[in-house]
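What follows is the residue order along each chain.
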Amino acid sequence: MELDLTRPNNGRMLDYWLGGNHNFEIDRQMARQIEKLFPFVVTTSRESRALVGRCVEFFHAQNLGTLVDFGSSLPTCQNTHEVAHALDPNIRVVYSDIDPITVAYAQDLLRGNVNVLYLHADATNPQDVLENPLTKQLIGDEHRVGIVFLNLPHVLSDEAVRASWRALYDWAAPGSYLALSFSGEAWDTEPDLIATARSYRSANLPFYPRTPAQVLELVGGWRVTQDGFKPNASWGQSNPPPQERMLGYSAMFYK
Ligand SMILES: C[S@@+](CC[C@H](N)C(=O)[O-])C[C@H]1O[C@@H](n2cnc3c(N)ncnc32)[C@H](O)[C@@H]1O
């Protein structure tokens, strides 16, 4: 793959924040600038990646052998297939992302991995992943799946997530699970977070914090598991770390 090293890439910047080695100087420079503007970015990225891992462990405990991951970023730094394959190398993983550079780089990294697919797709049209011939080739008729939809809903409008989660519900077989995470209402009530949210929006970055009640209204037929909504750093932890404040929270849903 030809790499354009004159422009930073989101996936490689996230890899840098996660402590990975799939990033270049141009990515690190931009990542450091972003950190100055949005100091939460390193903590929230790391909490989210650890959450991905705990969700994959949960899926494995439910005996799910097929995982579908939206807004995946690079398949590095303990992303879904790495955690899954440490548990069972036969687990099949379908990754997807809207960013074509991230997708091309990811496909290069995954070359030769027969149980992993990486598609270029918009998570607001999950059918593009679910109905893709390569997905069908990898997972066959298996629709009982674990769905990873983490660190992504906050950039999608209500209309977009409602339609996406509905399409996933209609496609998924009973016994499927959907892992979601959100930016919480602290972003609408705490002065420094309000200022940060304002700067996201003035930089034309979409940003949609939501309350659990709003999420429950948007998620359609999916039902929340008895653990309910938890801060990202606490979900799936038997000894959750002390929480400073709830920047983001998560929940597991089932059909
Ligand atoms: C912060 S990363 C999350 C990575 C991983 N899921 C995690 O939690 O660590 C968000 C990713 O979502 C992708 N993304 C943003 N909008 C998207 C959309 N509409 N459809 C698919 N991917 C999208 C971005 O390109 C980015 O790679």
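Let us look at the structure shown here. (Residues numbered from 1 in each chain as written. Predicted model: local features only at pLDDT ≥ 70, side-chain atom pairs only at ≥ 80, totals over all residues. Heavy atoms only, no water.)

**A closer look at the pattern of salt bridges**
Per the counting criterion, the structure on display carries nine salt bridges. Across the pair E25 and R28 runs a salt bridge whose closest N-O atoms are separated by 3.3 Å. You can see E25 and its partner R28 sitting in helix α2 (residues 25-37), three residues apart, about one turn around the helix. The closest approach of N and O atoms between R111 and D108, which form a salt bridge, is 3.1 Å. Salt bridges sharing partners connect three or more residues here, namely E25, R28 and R32. (Salt bridge = Lys/Arg side-chain N within 4 Å of Asp/Glu carboxyl O. Helix = DSSP H or I, 4+ residues; strand = E, 2+ residues; numbered from the N terminus.)

**Points about the site of the ligand**
For the ligand, the set of nearby residues contains 18 residues, the closest of which are S48, R49, D97, D122 and A123. One of the backbone N or O atoms of I98 is found 3.2 Å from a nitrogen atom in the ligand. Taking 610 Å² as the accessible area of the ligand by itself, protein coverage stands at 87%. The biggest single contributor to the shell around the ligand is helix α3 (residues 41-61), with three residues. Its residues assigned to classes, the shell around the ligand comprises nine nonpolar, five polar and four charged. (Near = heavy atom within 4 Å. Polar contact = N/O pair within 3.5 Å; in protein donor to acceptor, adjacent residues only side chain to side chain. Areas by Shrake-Rupley, 256 points an atom, 1.4 Å probe, with all protein chains shown as cover. Nonpolar A, V, L, I, M, F, W, Y, C, P; charged D, E, K, R; others polar.)

**Some words on helix α5 (residues 100-110)**
Taken as a whole, α5 has its buried residues at T102, V103, Y105, A106 and L110. Buried-residue contacts for α5 involve α1 (10-17), α4 (80-87), β2 (92-97) and β3 (116-120). One or two positions beyond α5, positive phi appears at G112, with a value near 90°. (Buried < 20%, exposed > 50% of the residue type's maximum accessible area, 1.4 Å probe, protein only. Contact = heavy atoms within 4.5 Å.)

**A look at the side chain of N9**
Among the structural elements, N9 can be located in the segment before α1. Owing to a relative accessible area of 4%, N9 belongs among the buried residues under this scheme. Filtering out sequence-adjacent residues up to four positions away, N9 remains in contact with D27, D99, I101 and T102.

**Things to note about the pairing of strand β1 (residues 66-70)**
Taking burial as the measure, the five residues of β1 include five buried ones, the bulk of the element. Traced from β1 through α4 to β2, the parallel crossover comes out right-handed. In terms of strand pairing, β1 meets strand β4 (residues 146-149) through three bridges, oriented parallel. What sits directly across from L67, in β4, is G146. (Right-handed = clockwise from strand over helix to strand, strands pointing away. Pairing = 2+ DSSP bridges.)

**Quick word on unusual backbone geometry**
The phi dihedral of N63 falls on the positive side, at around 65°, and the residue is not glycine. Backbone geometry places Q78, a non-glycine residue, at a positive phi of 60°. When you line up the elements, Q78 lands in the loop between β1 and α4.

**A short note on the packing of α1 against α2**
At a closest axis distance of 9 Å, the pairing of α1 and α2 adopts a crossing angle of 70°. Taken as axis vectors, α1 and α2 run roughly perpendicular relative to one another. Residue-level inspection shows R12, M13, Y16 and W17 of α1 in contact with α2, the latter providing I26, D27, R28, M30, A31, R32, I34 and E35. (Axes fitted to C-alpha atoms, helices over the stretch in contact; angles between N-to-C directions. Parallel < 35°, antiparallel > 145°, perpendicular 65-115°, else oblique.)

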